[in-house]
Amino acid sequence: MSCGTIHGVGLGPGAADLMSVRADRLVRGTRHIAYFRKRGRRGHARTIVGDLLRADAVEYAMDYPVTTEIPVDHPDYNDRLASFYARCTAHLAALAQGGEDVVVLCEGDPFFYGSFMHLHARLRSQVPVAVVPAITGMSGAWTASGQPITWGDDVLTVATATLSEAELTRRIRDTDALVVMKIGRHLPKLRRAVAAAGRTGEAWLVEYAAMPGERVRPLAEADDTAPYFAILLIHGRGRRP
């Protein structure tokens, strides 16, 4: 029996019609579909594909054992996630070793801050693994802002709001253009870092880019909290004709 392939399929920033042709073909055609979700939720990746799945599709929901309940620097955080990824890997590897192809749905691009990367690192030595790239969430965000993110020789920095306030301030001060991901409850810290870098007037907050409820506002006018799907932008102002 030939081995099946695990496909990490990027779905793009949130709209089904922004998926690639290859992603659409795999999602519609593969019988085994896996996706991450918070326990008790449908899962955003599953919501994106909606009713595209074939009638006999077998779904495997991978429920995170922890999201924000434990700080990321707590020893239990890594231990619980490592065990979780090990269980998911064993299940997916068994399907592939039994000759089945599996599509793992991935929000955004699978290799950009995505959970699939942790499966890829564990699976690639056991079974064939293929990755379908996608439009990233940050691309959806700067498109929603209506402005190019970089010009000419601009340097673009991509950071996460989980960094320390001092490190965020340094990164914001030292770059031409900026994208900050994983904001959520870190918005107050990020707002202070932007202010300390002297760039509040340049900063924009984009929520739910390419999704229902999309919203673009200057950071100065934003609320004190941000949803999970929020990205901060500072647009470059570099060389142009």
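The structure under discussion appears in the preceding block.
Note that the coordinates shown come from a computational prediction; the quantities given were computed from them, not determined experimentally. (Residues numbered from 1 in each chain as written. Predicted model: local features only at pLDDT ≥ 70, side-chain atom pairs only at ≥ 80, totals over all residues. Heavy atoms only, no water.)

Regarding the packing of helix α3 (residues 75-97) against helix α4 (residues 116-123)
Part 1 of the reasoning: Following both chains from N to C, one finds α3 and α4 inclined at 60 degrees, their axes separated by 10 Å at the closest point. The orientation of α3 with respect to α4, classified from their angle, is oblique. In this structure, α3 crosses over α4, and the sense of that crossing is right-handed. Two secondary-structure elements touch here, α3 through Ala82, Tyr85, Ala86, Cys88, Thr89, Leu92 and Ala93 and α4 through His118, Leu119, Arg122 and Leu123. (Axes fitted to C-alpha atoms, helices over the stretch in contact; angles between N-to-C directions. Helix = DSSP H or I, 4+ residues; strand = E, 2+ residues; numbered from the N terminus. Parallel < 35°, antiparallel > 145°, perpendicular 65-115°, else oblique. Left-handed = near helix turned anticlockwise from the far one by under 90°. Contact = heavy atoms within 4.5 Å.)

Description of the pairing of strand β2 (residues 32-38)
Part 1 of the reasoning: Here β2 lies mainly inside the structure; 5 of its 7 residues are buried.
Part 2 of the reasoning: Relative to strand β3 (residues 58-64), β2 runs parallel, the two being bridged by 7 bridges. Bridge pairing in β3 places tyrosine 35 opposite alanine 61.
Part 3 of the reasoning: Between the parallel elements β2 and β3, the chain passes through helix α2 (residues 44-49) in a crossover that is right-handed.
Part 4 of the reasoning: Across 4 bridges, the pairing between β2 and strand β4 (residues 102-106) is parallel. The residue of β4 that forms the bridge with alanine 34 is valine 104. (Buried < 20%, exposed > 50% of the residue type's maximum accessible area, 1.4 Å probe, protein only. Pairing = 2+ DSSP bridges. Right-handed = clockwise from strand over helix to strand, strands pointing away.)

So, the packing of aromatic side chains
Part 1 of the reasoning: This model, assessed by the stated rule, comprises 8 aromatic pairs.
Part 2 of the reasoning: The interplanar angle of 50 degrees and the centroid separation of 5.7 Å between the aromatic rings of tyrosine 64 and phenylalanine 84 together place this pair among those described as tilted. Here phenylalanine 84 lies in helix α3 and tyrosine 64 lies in strand β3, a separation of 20 residues in the sequence.
Part 3 of the reasoning: Owing to a relative accessible area of 3%, phenylalanine 84 belongs among the buried residues under this scheme.
Part 4 of the reasoning: Measuring from centroid to centroid gives 6.4 Å for tyrosine 208 and phenylalanine 229, while their planes differ by 45 degrees, and the two rings are tilted. (Phe/Tyr/Trp six-rings, centres within 6.5 Å; stacked < 30°, edge-to-face > 60°.)

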